[in-house]
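# A closer look at the structure
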Amino acid sequence: MSFFSSDWDDDEDDEIFQGDVDALVNDFESKFREQFSAREYLELFRHYASQFPTQTGQLRVDQHIKNILDAAIAQYPYMPIFTLHMCEWLIRDSKLNRAKAYIDKALKFNPFEPALGFMQALIYSLQGNENNALEKLSQILQNIGEEESLIEEFLEIALYHEQFKLAMPILEKALDAGADVSNIIEKYIEKAEENGLIAALIPMIERIIDQDPYSAEAWYVLGSAWMNQSNHEKGLKALDYAVTINENFADAWMAFLECQYELGQYEEFIKTYLSLQDKFHKSAFDEVYGLLAWSYYESGDTKTCRSIYKDILKKQPHDAEAWYSMGLTWHYEENYSAAIPYLEKAYDIDRFEPDYGMVLASAYFGAQLIDKWEPLYTTLTLEHPKNPELWLDYITALHESGEAEKALDVIEKALTNNPQHPGLLYRFAALCYLNGQQNAASLVLERALELNPNEHIQLFTFAPELKKSTLILSIISKFTSPRTGS
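For the structure given in this document, a descriptive report is provided here. All values derive from a computational prediction rather than experimental measurement. (Residues numbered from 1 in each chain as written. Predicted model: local features only at pLDDT ≥ 70, side-chain atom pairs only at ≥ 80, totals over all residues. Heavy atoms only, no water.)

## Some remarks on the overall build of the chain
Convention followed: Under the scheme used here, helices are H or I runs from DSSP no shorter than 4 residues and strands are E runs no shorter than 2 residues, and both carry numbers assigned from the N terminus. Note that the radius of gyration is over C-alpha atoms, with the globule rule given as 2.2 Å times the number of residues to the power 0.38. In this scheme, a residue with accessible area under 20% of its type's maximum is buried, one over 50% is exposed, and one in between is partly exposed, where area comes from a 1.4 Å probe on protein chains only. Any two residues having at least one pair of non-hydrogen atoms within 4.5 Å are treated as being in contact.
Each helix and strand counted, the chain has 27 helices and zero strands in total. On C-alpha atoms alone, the chain measures out to a radius of gyration of 31 Å, which is more than a quarter above the 23 Å that the 2.2 N^0.38 rule sets for 486 residues. Each of the three principal axes of the chain carries a C-alpha extent, and together these read 85 × 60 × 60 Å. Considering the chain as a whole, with its 486 residues, one finds that 47% of them fall into the buried category. Long-range contacts, defined here as pairs at least 24 residues apart, represent 55% of the contacts in the chain between residues at least 6 apart.

## Remarks on the packing of helix α6 (residues 114-126) against helix α7 (residues 130-143)
Note the following rule: For helices, the fitted line uses only the C-alpha atoms of the stretch in contact; every axis is such a line through C-alpha atoms, and the angle between N-to-C directions lies from 0 to 180 degrees. Should an angle fall under 35 degrees it is taken as roughly parallel, and over 145 as roughly antiparallel, whereas 65 to 115 is taken as roughly perpendicular and any remaining angle as oblique. Note on convention: near helix rotated counterclockwise from far helix by under a right angle means a left-handed crossing. Clockwise means right-handed. Think of it as three bins: nonpolar holds Ala, Val, Leu, Ile, Met, Phe, Trp, Tyr, Cys and Pro, charged holds Asp, Glu, Lys and Arg, and polar takes everything else, Gly as well.
Two numbers describe how α6 lies on α7: the axes approach to 8 Å, and their chain directions differ by 165°. The angle between the axes of α6 and α7 places the two elements in the roughly antiparallel class. The two elements α6 and α7 meet at a crossing, and its hand is left-handed. Facing Pro114, Gly117, Phe118, Gln120, Ala121, Tyr124 and Ser125 of α6, the residues of α7 in contact are Asn132, Ala133, Lys136, Leu137 and Ile140. Across the contact of α6 with α7, the residue classes break down as seven nonpolar, four polar and one charged.

## Examining unusual backbone geometry
Unlike most non-glycine residues, Glu162 shows phi in positive territory, near 60°. As for its placement among the helices and strands, Glu162 is situated in the loop between α8 (148-160) and α9 (164-176). A residue is classified by how much of its surface remains accessible, and Glu162, at 27% relative accessible area, is partly exposed. A positive phi angle, close to 60°, is found at Glu334, a residue other than glycine. Mapped onto the fold, Glu334 is located in the loop between α18 (320-331) and α19 (336-349). The exposed category is assigned to Glu334, whose relative accessible area is 58%.

## Regarding α9
Where we set the bar: Expected span, for any helix, means 1.5 Å times one less than how many residues it has.
Under the 1.5 Å per step criterion, the end-to-end length of α9 is 18 Å for 13 residues, consistent within 8% with the ideal 18 Å. On its buried face, α9 is in contact with α6, α7, α8 and α11 (198-211).

## Re the nonpolar core
To keep it simple, the criterion reads: In this description, a nonpolar core means a group of buried Ala, Val, Leu, Ile, Met, Phe, Trp, Tyr and Cys residues linked to one another through side-chain atoms lying within 4.5 Å.
Formed by 173 residues in total, the largest nonpolar core has its most connected members in Phe82, Leu159, Leu201 and Leu459. With sequence-adjacent residues up to four places away left out, Leu201 is seen in contact with Leu159, Phe164, Ile185, Tyr188, Ile189 and Ala192.

## Quick word on α18
Stated precisely, the cut-off is as follows: The term polar contact refers here to a pair of N or O atoms within 3.5 Å; inside protein, the definition further demands a hydrogen-donor-capable atom paired with an acceptor-capable atom, and it admits residues adjacent in sequence only when both atoms are side-chain atoms.
Given a rise of 1.5 Å per residue, twelve residues ought to cover 16 Å, and the 16 Å separating the end C-alpha atoms of α18 matches this to within 8%. The element α18 is largely enclosed, with a buried count of ten among its twelve residues. Among the residues of α18, Ala320, Ala322, Trp323, Tyr324, Ser325, Met326, Gly327, Leu328, Thr329 and His331 are the ones counted as buried. In this fold, the buried residues of α18 make contact with α16 (289-298), α17 (302-315), α19 and α20 (354-366). Its side-chain oxygen 3.2 Å from the backbone nitrogen of Glu321, Asp319 forms the N-cap of α18.

As structure tokens, then:
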């Protein structure tokens with residue numbers, strides 16, 4: 001990813017490169033000429049960078065880029081843009097020392113160029129040299145004045161590389177300059193969530209709010225961050241501020257509804273949704289229309305729930321989640337004959353979602369369609385061998401069908417794929433005991449208790465008769481009874 005711009009940003013039509021890029025590339029690859037203008041080097045770089053990565057020839061493209069930048073730096077050492085792009089490329093390859101060497105050389109020609117100084121600070125930070133990084137950054141921030149675009153660029157680069165300690169003083173500088181950087185923080189929330197770093201962004205968002213408590217956008221970003229942390233209570237509170245400040249903020253209302261739903265506030269969700277219909281376009285909240293349907297179900301209005309799902313399926317016949325949810329409304333009533341067609345449709349549309357297959361197999365079992373439920377469970381365990389809940393459902397079905405030996409065989413396969421799962425071990429111990437293998441049951445039960453003694457209730461949920469076993473109870477007591485100090 002390339003951040004740094006140049007003197008040629010193509011913002012105006014008359015600045016668009018007028019040459020033949022294909023001819024330029026041919027000249028470069030055929031070595032028809034040894035030197036190019038600075039603008040031509042930049043166009044060559046852009047051409048190859050736009051192709052990277054490619055399925056074939058990746059190393060070739062990568063080497064072309066480095067050759068172009070090296071040649072440009074040698075011919076135009078006083079132009080920092082080529083060094084900056086080279087450093088970006090080397091940082092991507094984790095070649096930090098080489099990147100630093102390029103920066104040090106470029107700074108001899110442009111000692112006061114802020115972008116070069118910032119890149120040097122970034123490299124220090126990536127190397128773990130935090131003190132030098134912050135010291136260098138402080139110098140740069142003092143000298144750049146209130147150039148909002150440059151400050152925002154520095155902030156985005158720091159966030160992209162997950163250098164959050166470096167990002168905080170840049171954020172302070174941006175706020176002092178009056179820049180609105182909420183959108184930059186928002187952009188990296190999803191990326192930080194993927195890497196488990198969302199918590200590092202929250203203090204930055206809160207700092208923005210401290211500076212401007214009436215920024216609906218900032219409250220919305222904070223609410224989104226808490227949602228991504230699955231803290232929907234804090235998310236709802238932040239989003240409430242956002243929609244109070246700006247009652248026409250549709251995205252914030254959407255997130256607000258999602259929080260209400262996740263918190264189980266189904267009746268409140270319905271009231272909020274209906275109240276927004278007069279304020280916004282009818283289709284503004286189609287994304288959470290299915291949540292409205294399920295909120296009616298949770299509120300006891302199954303008729304309205306199913307009516308909404310029918311409306312969704314009429315408009316979106318390939319919405320697997322809607323087919324699945326409609327099937328669930330019948331499945332929970334144990335009306336399997338009504339549930340199965342919907343569940344089959346969901347499974348046909350999306351076979352990669354394990355819940356769709358699991359619930360369908362359960363419905364087949366409830367309808368006593370042994371020719372369907374057992375083959376489906378077999379298929380699902382092959383497709384999702386690391387899903388313990390799937391194995392547990394399959395084993396329960398086999399046990400309740402009187403297939404004790406097969407249930408034992410299946411659970412052994414389950415543990416091969418999930419050897420440390422307490423629930424499977426508890427189920428294995430119960431099956432061993434019920435099949436007269438008390439020694440094996442004792443050993444397996446102890447292993448399960450070592451992993452998680454708090455889940456031993458699963459034994460009795462599966463097989464209530466085990467509550468009468470003194471052997472089982474005595475083993476459990478060793479791991480759950482309060483221990484007195486000596």
